[in-house]
Structure formats: structure tokens, C-alpha cells
Amino acid sequence: MKTENIYIVLILLVSSFFYSCDDEDSFSTSSSNILTFSTDTVKLDTVFSTVPSSTRSFWVYNKSGDGLRKINVRLENGNQAGFRVNVDGTYLSPSSGFQVNDIEVRNKDSIRVFVELTSPVNNGDMPLKIEDNIVFTLESGVQQKVNLMAYSWDATIMKNVVVDKDSILDGVTRPIVVYGGITVNEGATLTISPGTTIFFHADAGIDVSGKLKCLGEAGNEITLRGDRLDNMFDYLPYDYVSGQWQGIRLRETSYDNEIRHTDIHGTFDGLKVDSADVSKLKLNIENSTIHNCQGYALTAENARIIINNCEFTNALYNCIAVHGGVTDINNCTFAQFYPFDSNRGSALFFSMNKYPQSSFTCINSLITGYADDEMMIETNTDEGENKANYLFDHCIIRTPKITTEDSVHFVSVVFEEYKDTVKTGKKHFRKIDSQNLRYDFRLDSISPAVNAADPASAMLYDRYGQRRDDKPDVGAYEFLKEE
């Protein structure tokens with residue numbers, strides 16, 4: 001009982017100490033005592049009009065030496081631009097006139113302010129700059145401001161789109177934002193026009209049971225990407241982060257799909273191709289890029305596909321994974337420098353175990369990456385290795401050199417051995433900056449891929465529509481000799 005009394009006395013003493021400290025705190029009305037802010041401008045980057053932004057915040061510090069009270073905080077323009085503000089847990093609501101009174105910040109203390117934006121339609125085709133200020137009026141009458149700034153972009157908002165007849169998506173004048181995905185039913189064709197950009201929310205992708213035609217053109221490409229326009233960190237836009245949307249899936253009933261001059265990036269699986277009748281063309285993809293995927297860039301199951309002048313780069317699993325079917329590849333770049341997980345897959349994988357009658361041809365292509373072996377092959381050993389129907393011709397492949405003379409499967413192939421240098425894969429390209437996530441997979445002048453393709457079989461034009469010369473280069477890109 002005596003011990004309990006001692007604890008009670010101690011608690012009362014400690015409590016009275018803190019209360020006495022509070023009582024001793026002084027508050028200033030001097031104009032020389034002001035607030036300090038963690039930033040003078042809150043930038044919300046570019047947002048789509050009528051779509052809520054992500055939340056930004058900043059700190060308000062009192063380093064003046066005295067407490068500050070009876071602070072009024074308000075939106076200068078009364079929310080006309082669509083900004084929403086919460087100050088230390090209090091929302092600046094319309095009913096309060098978008099302001100709060102009697103905010104108190106004790107000496108050496110701080111409060112946090114949160115900012116969001118849902119901008120109104122600006123009735124224009126280009127992003128429009130919008131601004132407001134949060135005004136802090138101190139008891140002394142001194143006013144301090146923090147600027148709020150963003151660019152509002154009108155977009156066509158589409159939700160849970162079902163295409164059950166031939167349709168065209170044209171987003172040349174205004175971007176398209178998709179929630180819930182696009183479903184193309186069997187018997188219907190969805191055509192995406194040149195120059196169109198489609199921004200997909202995290203839950204959205206394109207699910208095709210009918211037919212998909214992405215008909216971009218050189219210099220007027222189609223872009224399919226995530227809808228986050230803001231930054232994860234100051235140096236890192238969300239557009240550089242994988243897994244932002246669901247990607248494209250071609251179902252069993254889908255045939256004669258075309259993807260031309262299209263940039264697909266930031267997905268889970270970039271392009272997933274389901275099993276089909278290999279006597280019918282499932283997919284023709286050319287002059288396109290699938291980059292930075294949290295799953296596969298392209299994965300195909302027993303389908304007939306043609307791939308020309310394409311870049312497949314940076315996927316958590318394989319950049320391209322083919323299980324059977326009939327696959328023809330020419331002048332492509334497969335580069336595995338996925339930055340978010342060291343347990344990444346290979347640049348190229350194909351298997352003939354499940355479908356032994358399949359065929360795989362890859363010519364004039366560059367297969368490389370970080371690892372010492374960026375190509376994985378599975379064949380049915382019961383059938384005998386030489387009976388497997390695959391061919392690599394005039395390729396550069398980062399894999400241990402085939403020691404036996406295998407003229408059946410490898411013709412004029414350069415094996416890029418890891419022991420030469422750990423940077424062998426990087427040296428092909430203009431930029432591999434995994435720290436800042438900046439990549440440029442066009443060829444560097446020192447790349448062995450320059451002038452290494454077969455003139456007789458190389459594509460006449462490269463990924464960007466530049467004509468190849470009489471000594472064409474391996475991979476999707478022709479090095480500009482004049483540079």
C-alpha cells in the first residue's frame with residue numbers, strides 16, 4: 001500500500017512539472033516572431049481535371065523563440081481552383097469559409113498541413129497552370145504564404161469499357177484515362193489511332209477476345225502507360241516505376257492482332273498471349289517497345305507470333321518468354337536490366353517441352369543484360385537436341401559460349417561471355433542508369449552490334465523508322481553513323 005502511494009505521488013509531481021512548464025510558455029505578438037515552412041511552394045505536378053490528386057504535405061515550424069497563437073489559416077482564393085487543405089487535423093471546409101482560426105504553435109513545436117486537388121475542367125487541349133495560396137495570418141497581423149501550384153489537363157475519362165462492335169479510340173487532341181479496363185469482345189475490333197495516348201489506372205488494362213489494332217506510325221506513336229503523372233520521389237516519376245497498370249492480354253479466341261509503333265511501359269505483364277491455333281496468326285508486333293514490367297514484358301503460350309524491330313527491356317521475370325508455338329523474330333533488342341529486384345529473370349526464355357512440334361527463329365537480334373547468362377532454352381531431351389526446331393542467326397547473345405560446333409541452331413552468333421567484363425551488357429547502349437532509372441537502348445558507337453547484322457535478312461528500317469544502311473546493325477536500332 002505504501003508503494004502504491006509513492007507511485008501516486010511521483011505521478012502527481014511529474015504531471016505538475018509539465019503543467020507548470022505549460023504555464024510558463026510565453027506567446028508573442030511581436031511582428032519579428034514568425035513561422036518557418038519546410039517549403040514555400042507545394043507542387044502537385046500535372047493532374048487530370050476532375051480526378052483527385054495524390055496528397056502532398058508540408059511542415060510549419062515555430063523557431064521564433066516564443067509561442068504563436070490565434071493564427072488564422074485560409075485559402076486565399078477560397079477553393080476556386082479545387083485545392084483541399086487540412087491544417088493540423090482541421091479541414092478548411094466550405095462551411096468554415098475555407099479557413100480555420102485560433103491555431104496555436106508553441107515554441108520549438110510544429111504542425112503539418114496536407115494538400116490535395118480536384119481541379120475543374122479547363123476546356124482546353126493543353127495543361128493549364130492553376131495556383132492558390134495558403135495564407136497564415138499571425139496574431140501580430142503578419143501574413144505568410146505557401147504557394148500551391150499544379151497543371152490541370154482535361155482528359156476523356158472512360159470506365160469499364162466494353163467493345164462489342166468495331167470501334168476506334170482516338171486521343172490525339174486529348175488524353176484518354178481508363179478505369180476498370182477495356183474489354184474487347186469476340187467478333188469486335190478495337191483500333192487505336194496514331195498519336196493516341198491512353199493512361200490506365202492501376203486496375204485497368206486491355207483484355208482482348210476479339211481483335212486489337214494499335215496502328216501507330218513513325219513519329220506519331222501510340223503510348224500506353226499508367227495514369228500517375230506525379231513523382232514517387234523528387235527524382236523518380238511514377239511513370240518510371242513498373243506495375244502501374246495491368247497490360248494487354250490476348251485471349252484464346254483472339255487472332256490477327258497488330259501492334260505497330262507503340263510504346264507500352266510500366267505494366268505488370270506487358271503483353272500476355274494465350275494458347276491458340278498455331279496455323280492462324282495470333283500477333284504481329286513491330287517497331288514497338290515493351291519496357292519496365294513487374295511481370296513479363298511479353299509471354300506467349302503456343303501461338304503464332306511475328307516480332308520485328310521491337311525492344312523488350314527490364315522485366316521482373318523474362319523480357320520475353322515463349323512456350324511453344326511458332327515464333328519469328330527479326331532485329332529485336334532483349335535487354336534485362338530490371339532495377340527493382342536482383343532476382344530478375346532472363347532477357348529471353350523459350351521452351352519446347354510442352355509443345356515439341358513448335359519452332360522458334362531469332363535473327364539479327366541482341367540478347368543481353370546484367371547476368372552472365374541471359375538466354376534460357378528448354379527442349380525435350382527425349383527427342384534429341386538436334387531435332388529441336390530453333391535457330392539463332394547473326395545474333396549477339398550474352399550466354400556461355402556453345403563449345404560444340406552447333407551449326408544447326410547457331411549461325412554467325414557472337415557469344416558475349418561474362419568473364420570478359422561485368423559491364424559487357426551495358427556497353428551496347430547509350431544509357432543504363434539504374435540508380436535514376438534512366439535508360440536509352442539505342443546503340444552506342446562501341447557496341448559490337450554495329451554493322452553485325454546480315455544485310456540479306458535485316459529489316460529495311462529500324463524501330464524508329466530510320467532506314468538501315470548497307471551494313472545494318474544487330475538489334476532494334478540502327479546506330480546513326482553521322483553521330
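Going by the structure above, here's the rest.
Residues numbered from 1 in each chain as written. Predicted model: local features only at pLDDT ≥ 70, side-chain atom pairs only at ≥ 80, totals over all residues. Heavy atoms only, no water.

A. A look at the side chain of D393. For D393, the location among the structural elements is in strand β37 (residues 390-393). One buried charged residue, D393, forms no salt bridge at all, with the nearest opposite charge on R468 at 14 Å. Within the local environment of D393, its side chain forms a polar contact with the side chain of H394, the two groups lying 2.6 Å apart. Beyond its immediate sequence surroundings of up to four residues, D393 is in contact with C362, I363, N364, V411, S412 and V413. (Helix = DSSP H or I, 4+ residues; strand = E, 2+ residues; numbered from the N terminus. Buried < 20%, exposed > 50% of the residue type's maximum accessible area, 1.4 Å probe, protein only. Lys, Arg positive; Asp, Glu negative; His and termini not counted. Salt bridge = Lys/Arg side-chain N within 4 Å of Asp/Glu carboxyl O. Polar contact = N/O pair within 3.5 Å; in protein donor to acceptor, adjacent residues only side chain to side chain. Contact = heavy atoms within 4.5 Å.)

B. Main features of the environment of I305. Along the polypeptide, I305 turns up in strand β28 (residues 304-308). Discounting chain neighbours no more than four positions away, the residues touching I305 are L281, K282, L283, L298, A300, V326, T327 and D328.

C. A look at the layout of surface pockets. A volume near 460 Å³ is recorded for the largest pocket. Along the wall of the largest pocket there are 21 residues; nearest its centre are D263, T289, H291, E311 and Y439. Taken together, the residues that form the lining of the largest pocket break down as 8 nonpolar, 5 polar and 8 charged. Size it by volume and the second largest pocket reaches roughly 270 Å³. Around the second largest pocket, the lining residues are T39, T41, V42, K43, D45, R56, S57, N231, M232, F233 and D234. Of all the secondary structure elements, the ones that give two or more residues to the lining of the second largest pocket are β2 (41-48), β3 (56-61) and β19 (231-233). Of the residues forming the lining of the second largest pocket, the biggest block, 4 residues, is contributed by β2. (1 Å grid on protein atoms, 1.4 Å probe; cavity = no way out; pocket = protein on both sides within 12 Å on 5 of 7 lines; lining within 4 Å. Points joined across faces, edges and corners; volume = space filled by probe spheres on them. Nonpolar A, V, L, I, M, F, W, Y, C, P; charged D, E, K, R; others polar.)

D. Looking closely at the pattern of salt bridges. What the rule picks out here adds up to 19 salt bridges. The closest approach of N and O atoms between R69 and E139, which form a salt bridge, is 3.8 Å. Of this pair, R69 sits in strand β4 (residues 68-75) while E139 sits in the loop between β9 (128-137) and β10 (143-153); the two residues are 70 residues apart in sequence, bridging distant segments of the chain. Note on R69: relative accessible area 35%, which makes it partly exposed. Among the salt bridges present, the one from K354 reaches E301, with a minimum N-O distance of 3.0 Å. Here the residue K354 occupies a position in the loop between β33 (348-351) and β34 (359-363), and E301 occupies one in strand β27 (residues 298-301), the gap between them amounting to 53 residues. For E301, a relative accessible area of 22% translates into the label partly exposed. Beyond isolated ion pairs, a larger network of salt bridges with shared partners links D45, R56, R228 and D230.

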